[in-house]
Amino acid sequence: MSGLFKDILGSSESLFKADMSLDYSFIPKLVPYREREQRIIANCIKPLLQEKTGKNVFIYGQPGVGKTVALKKVLAELEEETEEVIPIYVSCWQHNTTFKIFTEICEKLDFKFIQNKKTEELFKMIKQVFNKKSVVFVFDEADKLEDLDFLYMTMEEIYRKTIILITNYKEWVINLEDRIKSRLMPEMIEFRPYNYEETKGILKRRAEYAFHSGVLSNEVFELIAKKTFELQDIRTGLHLMKESALIAENKASRKISLEHAQQALDKIDEFTIKNDEELQSEEKMILDLAKKNSGDKIGDLFKKYQESGGKLVYKSFQRKIERLEKSKFITVEKTAGGDEGNTTIIKSNSERKLTDF
């Protein structure tokens, strides 16, 4: 194609070679810059291959630093290596109670007729499978858990296992009850933020998977890489590359220009804070209290809400807190154990990124 139309994308053409490569859940053939962490995890699992119990692991680090991707890569290699060790991955964001976790595990094991069964009945079914083999349990977003009964039950009654807990907060495991910590005795693995060169390396590899040759110029790539490093979250870079390409495609362009990338950056800024007017009046009242009393325990915040004329009962108040957390207006940090038992701390989010939504 030449002349006036050479830079215009045809209706059946795409800038993407494989757009799935820009999804954060995509597991690349190699997970760069996390080889050391993966090796430690693998060493904790290795005794299971010799029909011994494995070592437990606690993984922590801020969002967007590769914790889940690196762990899932280890599990994928384990599945290729043997059928005698069963890998079980559970996201505690969706499954945050013992009953929900056991239900999820039963579904992963393809058990039928699990409706209306009690927690103990579900666990009995799980034990019958796992105590014939070995198992790696991964509980991601562990700080979202509302109870830890499943941990007691798993530690006490599953014979050969490795338990891996993943969270953004090191404090979560430090504040676990001593009787859980003494049983777990986990290997602590910190995932530190990527430096600038590592950030560029990861994004470059994903771009090579995702785009046809010549789509992403060095100038555009550098702009996206700098923003990603500034926010210390790889998910931001993946989102910016995808969004920039979609903007370019909508304009029938064969390349992503600086203008397209800047529009994607502007969208992040637009979404940084949602419009407070979208909130219902009760939610707005609770959010205002959370901003003024950031760091309060949920019970103390509820008392201040009642003193301010709030009419909701505690359960409804909790549901509003959950909605505000899901919309990323606030952060809910749960700690287990300590002198006061389980504690829930509410913190206001003054700044948020598009990738949080």
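Preceding this section is the structure that the text describes.
Since the model is a prediction, treat every value here as computed from it, not as a measurement.

### Describing the nonpolar core
Of all hydrophobic cores here, the largest spans 35 residues; its most connected members are F102, I105, F130, F137, F139, L165 and W172. If we skip the residues at most four places from it in the chain, I105 touches I88, V90, I126, F130 and F137. Membership of the second largest hydrophobic core comes to 27 residues, among which are L15, I224, M241 and L265.

### With respect to the sheet that holds strand β7 (residues 330-335)
Strand order in the open sheet formed by three strands is β6-β8-β7, with antiparallel pairing between adjacent strands. Lying at the two open borders of the sheet, with one neighbouring strand each, are β6 (296-297) and β7. Judged from the six bridges that link them, β7 and strand β8 (residues 343-348) form a sheet pairing that is antiparallel. Bridging from a neighbouring strand, I330 pairs with S348 of β8.

### Re the side chain of T82
Note on placement: T82 falls in the loop between α2 (67-81) and β2 (85-91). Assessed through its relative accessible area of 17%, T82 is described here as buried. Within the local environment of T82, its side chain forms a polar contact with the backbone nitrogen of E84, the two atoms lying 2.9 Å apart.

### Here we look at the side chain of H95
Considering the arrangement of structural elements, one finds H95 in the loop between β2 and α3 (98-108). A polar side-chain atom of H95 sits 3.1 Å from the main-chain carbonyl oxygen of S91. At 3.3 Å, the side chain of H95 forms a polar contact with the side chain of E104. In this structure H95 touches V90, K100, I101, E104 and L145, once residues within four positions along its chain are discounted.

### Section: the sheet that holds strand β1 (residues 57-60)
With parallel pairing, the five strands of this open sheet are ordered in space as β2-β3-β4-β1-β5. Strand pairing shows two members of the sheet lacking a second neighbour, β2 and β5 (187-190), which therefore form its edges. Strand-to-strand twist across the sheet, computed as the mean angle between neighbouring axes with direction ignored, equals 15 degrees. Strand direction decides the pairing type here: β1 and strand β4 (residues 161-167), joined by four bridges, are parallel. When the bridges of β4 are listed, Y60 appears paired with T167. In the packing of helix α1 (residues 35-45) onto the sheet, the strands contacted are β1, β3 (134-140), β4 and β5, and the crossing angle to β5 comes to about 160 degrees.

### Looking at empty space enclosed by the protein
One pass over the full model with this rule turns up two cavities of 30 Å³ or more. What the largest cavity holds in volume is close to 140 Å³. Lining the largest cavity are 13 residues; nearest its centre among them are V31, V69, Y194, I202 and R206. The leading source of residues in the lining of the largest cavity is helix α8 (residues 196-210), at four residues. Its residues assigned to classes, the lining of the largest cavity shows 10 nonpolar, one polar and two charged. Volume-wise, the second largest cavity comes out at about 60 Å³. Every residue along the wall of the second largest cavity is listed here: G64, V65, P193, Y194, T199, T228, F229, Q232, D233 and I234.

Conventions and cut-offs
- Residues numbered from 1 in each chain as written.
- Predicted model: local features only at pLDDT ≥ 70, side-chain atom pairs only at ≥ 80, totals over all residues.
- Heavy atoms only, no water.
- Core = buried A, V, L, I, M, F, W, Y, C linked by side-chain atoms within 4.5 Å.
- Buried < 20%, exposed > 50% of the residue type's maximum accessible area, 1.4 Å probe, protein only.
- Contact = heavy atoms within 4.5 Å.
- Pairing = 2+ DSSP bridges.
- Helix = DSSP H or I, 4+ residues; strand = E, 2+ residues; numbered from the N terminus.
- Polar contact = N/O pair within 3.5 Å; in protein donor to acceptor, adjacent residues only side chain to side chain.
- Axes fitted to C-alpha atoms, helices over the stretch in contact; angles between N-to-C directions.
- 1 Å grid on protein atoms, 1.4 Å probe; cavity = no way out; pocket = protein on both sides within 12 Å on 5 of 7 lines; lining within 4 Å.
- Points joined across faces, edges and corners; volume = space filled by probe spheres on them.
- Nonpolar A, V, L, I, M, F, W, Y, C, P; charged D, E, K, R; others polar.

This is a description of form; function is not addressed.
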